[in-house]
Amino acid sequence: MCRPTYFTVSYEINPWMHPSVPTDTAKAVAQWQELYDTYVRLGHRIELIDPLEGLPDMVYAANGALVSDGVVYTAKFTYPERMAEGPAYAEWFAERGYRVHTAAETNEGEGDILTVGDLVLAGTGFRTSTAAHKELQEVIGKPVISLTLVDPRFYHLDTALMVLSDTEIAYYPAAFSDGSRRVLERLFPDAVIATEDDAVVLGLNGVSDGRHVIHNPRATHLAAALAERGFEPIGIDTSELLKGGGGAKCCTLELRAAVDAAEVPSA
Ligand code: ARG
């Protein structure tokens, strides 16, 4: 995770961002802290990357890379405003002993690349390219399923689809192309289907540990549907970070098979 020390909305690269609407950085930090504290309370280990001045979107750590079995596929951002974040995250991983593969193709890390058990679901249409999906499959050796996003409000896969466990997902069908919707129906016939009301508060931008699901408390239908499935929904208000177009999941990059710092030989 990355503390939103320098969070603001100074440019516009998605429909949620309005530089004319004031942001409250202290409030963003407090909301982020609550998310952090909740993870800790649930027993999860959190690593931090230092925020860099001039990179207000760096708080959205999910975009910084994709980690699969300890292998890091670096982000290569679409917009120049975020370009410098890719190398910053890559350096963090390299320093900690991860095997880092530098991506040649445009991709925004776990914002568009979600792991469901042995499958990887990859979004395209707004940010991550299909060439990146192919490159990623070669790097990690897992099947990468391309899904096309069609609604600019849901510009990253993690705004339209949430992974609940190694076999379960929730998603908002209207965010996907016809064909991609059919792929999702085929692969996940029992998926939780989010309503438009859930989706437009970025309710799907949540994080599940297989039991607890951290989500936007305004996604009430989704929370009820998750509880009915036996999950424990935990609402965390990240309204200030929503002004940049992100929620809990955007703020969280999962270290899939984290390299234990104790095992890394010092230089
Ligand atoms: N302002 C950021 C952007 O448009 C928000 C990124 C949100 N992150 C995410 N994983 N969906 O790039």
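This one's a predicted model, so the numbers in the text were calculated from it and none came from an experiment.

(A) Region of the structure containing the pairing of strand β11 (residues 212-215). Burial along β11 is two-sided: the face carrying H212 and I214 and the face carrying V213 and H215 are both buried. Linking two consecutive strands that pair antiparallel, namely strand β10 (residues 207-208) and β11, is a turn of three residues; a positive phi of about 100 degrees is found at G210 within it. In terms of handedness, the path from β11 via helix α6 (residues 220-228) over to strand β12 (residues 232-235) forms a crossover that is right-handed.

(B) Geometry of the sheet that holds strand β7 (residues 161-163). Here three strands make up an open sheet; going across it, the order is β7-β8-β9 and the pairing mixed. The sheet terminates laterally at β7 and β9 (192-193), the two strands that pair on one side only. As paired strands, strand β8 (residues 169-171) and β9 are joined by two bridges and run parallel to one another. Among the inter-strand pairings, Y171 is bridged to a residue of β9, identified as I193.

(C) Fine view of the sheet that holds strand β6 (residues 144-148). Within the open sheet, the three strands sit side by side as β4-β5-β6. Their pairing is mixed. Of all the strands in the sheet, the pair left with one neighbour each is β4 (113-116) and β6. Within the sheet, the average angular offset between the axes of one strand and its neighbour, ignoring direction, is 25 degrees. With four bridges joining them, β4 and strand β5 (residues 119-124) adopt antiparallel strand pairing. Following the sheet pairing, I113 is matched in β5 by A122.

(D) Region of the structure containing the environment of G86. Inspection of the secondary structure puts G86 in helix α2 (residues 85-95). Contact partners of G86, with chain neighbours within four places excluded, come to T74, A75, K76 and F77.

(E) Inspection of the site of the ligand at higher detail. Neighbouring the ligand are 16 residues; Y60, G111, H156, G246 and C250 lie closest to it. Each residue belonging to the shell around the ligand can be placed in one class, and the counts come to five nonpolar, eight polar and three charged.

(F) Layout of unusual backbone geometry. Its identity is not glycine, yet D69 carries a phi of approximately 50 degrees, on the positive side. Examined against the element boundaries, D69 turns out to sit in the loop between β1 (65-68) and β2 (71-74). Taking the C-beta count within 10 Å as the criterion, D69 has 11 such neighbours and is therefore assigned exposed.

(G) Summary view of the confidence of the model for the protein. Here the protein averages 96 in pLDDT, while 97% of its residues score no lower than 70. For this predicted complex, the interface score ipTM comes out at 0.97, while the overall pTM is 0.96.

Cut-offs used in this document
- Residues numbered from 1 in each chain as written.
- Predicted model: local features only at pLDDT ≥ 70, side-chain atom pairs only at ≥ 80, totals over all residues.
- Buried ≥ 20, exposed ≤ 12 C-beta atoms within 10 Å, placed from the backbone.
- Helix = DSSP H or I, 4+ residues; strand = E, 2+ residues; numbered from the N terminus.
- Pairing = 2+ DSSP bridges.
- Right-handed = clockwise from strand over helix to strand, strands pointing away.
- Axes fitted to C-alpha atoms, helices over the stretch in contact; angles between N-to-C directions.
- Contact = placed C-beta atoms within 7 Å.
- Near = placed C-beta within 6 Å.
- Nonpolar A, V, L, I, M, F, W, Y, C, P; charged D, E, K, R; others polar.
- pLDDT = per-residue confidence, 0-100.

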